[in-house]
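Each chain, letter by letter, is given below.
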Amino acid sequence: MSNPRNNGQLIGRLANDPKVFENKDGSKKVLFTVFTDRAYTNAQNQRDSDAVPVEAFVRAQTQGLGPYANIHKGDLVAVGFSLRMDRYTKNGEQVFDLKVISEDITFLEPRSVTQARLNERVQNAEAQNQALQAQAAPVAAAAPAVAHASAVDEQLPFG
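These lines cover the structure that appears in this document, whether it is placed above or below. (Residues numbered from 1 in each chain as written. Predicted model: local features only at pLDDT ≥ 70, side-chain atom pairs only at ≥ 80, totals over all residues. Heavy atoms only, no water.)

## A look at the packing of aromatic side chains
- Applying the stated rule across the entire model yields 1 aromatic pair.
- Between Phe 32 and Tyr 68, the aromatic rings sit 6.0 Å apart at their centres with planes inclined by 35°, giving tilted as the arrangement. Here Tyr 68 lies in the loop between strand E4 (47-58) and strand E5 (76-90) and Phe 32 lies in strand E3 (residues 28-41), a separation of 36 residues in the sequence. Residues Phe 32 and Tyr 68 agree in their burial class; the two are buried. (Phe/Tyr/Trp six-rings, centres within 6.5 Å; stacked < 30°, edge-to-face > 60°. Helix = DSSP H or I, 4+ residues; strand = E, 2+ residues; numbered from the N terminus. Buried < 20%, exposed > 50% of the residue type's maximum accessible area, 1.4 Å probe, protein only.)

## Notes on the pairing of E4
- Note that E3 and E4 share 11 bridges and pair antiparallel. Bridging across to E4, Thr 36 finds its partner in Asp 50.
- Counting the residues that bridge the hairpin from E3 to E4 gives 5 residues, and of these Asn 45 lies at a positive phi of roughly 60°. (Pairing = 2+ DSSP bridges.)

## A word on the nonpolar core
- Counting residues in hydrophobic clusters, the biggest one holds 17 residues, and the most contacted among them are Leu 10, Val 30, Phe 32, Val 54, Tyr 68, Val 79 and Ile 105.
- Those elements giving two or more residues to this core turn out to be strand E1 (8-14), E3, E4, E5 and strand E6 (93-107).
- The element that contributes the greatest number of residues to this core is E4, accounting for 4 residues.
- Leave out the neighbours within four places in its chain, and Ile 105 touches Phe 32, Pro 67, Tyr 68, Ile 71, Val 77, Ala 78 and Val 79. (Core = buried A, V, L, I, M, F, W, Y, C linked by side-chain atoms within 4.5 Å. Contact = heavy atoms within 4.5 Å.)

## Observations concerning unusual backbone geometry
- Within the chain, Asn 45 stands out as a residue other than glycine whose phi angle is a positive 60°.
- Looking at the secondary structure, you find Asn 45 in the loop between E3 and E4.
- The exposed category is assigned to Asn 45, whose relative accessible area is 61%.
- If you check the backbone angles, Asn 91 has positive phi at about 55° while not being a glycine.
- Along the chain, Asn 91 turns up in the loop between E5 and E6.
- We classify Asn 91 as exposed; its relative accessible area is 77%.

## Digging into a nonpolar patch on the surface
- Together, Leu 83, Met 85, Phe 96 and Leu 98 make up an exposed nonpolar region whose accessible area comes to about 420 Å².
- Contributions of two or more residues to the nonpolar patch are made by E5 and E6.
- Relative to the assigned elements, Phe 96 resides in strand E6.
- We classify Phe 96 as exposed; its relative accessible area is 53%. (Patch = residues over 30% accessible without salt bridge, like charges linked within 9 Å, V, L, I, M, F, W, Y side chains within 5 Å. Areas by Shrake-Rupley, 256 points an atom, 1.4 Å probe, with all protein chains shown as cover. Salt bridge = Lys/Arg side-chain N within 4 Å of Asp/Glu carboxyl O.)

Have a look at this one:
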């Protein structure tokens with residue numbers, strides 16, 4: 001990080017898988033959200049957390065997404081960041097947008113733990129998909145046969 005006065009560290013878990021947008025020049029913009037716990041507890045002795053949106057940029061020369069290719073929902077990470085203020089005009093009004101820009105990312109769990117979490121998510125999604133297909137298959141098979149039979153019977157001139 002180049003400016004020692006404009007940086008920080010976020011430690012927390014990813015809220016979702018990152019979203020990737022490709023720019024015209026071949027570089028990529030990666031958006032993700034990190035849930036970070038606050039340093040204090042509330043009146044119920046619970047720690048609140050904040051969802052912090054983070055942007056990362058991957059140069060066009062970098063193959064794939066670089067270090068951001070392996071981050072997934074639920075991963076515990078440390079994100080080194082700098083702050084950037086974007087200023088623009090919208091509907092005739094000056095807008096100031098403070099952004100958290102990722103400079104680097106460190107995984108705080110072993111790859112085996114993150115891979116096991118990802119495999120569990122995939123298995124759950126596949127099981128849910130199969131259950132939905134199983135529910136839809138009998139309905140789809142029965143419905144067209146009845147609808148088709150009634151439509152055919154009505155159109156026959158003899159009978």
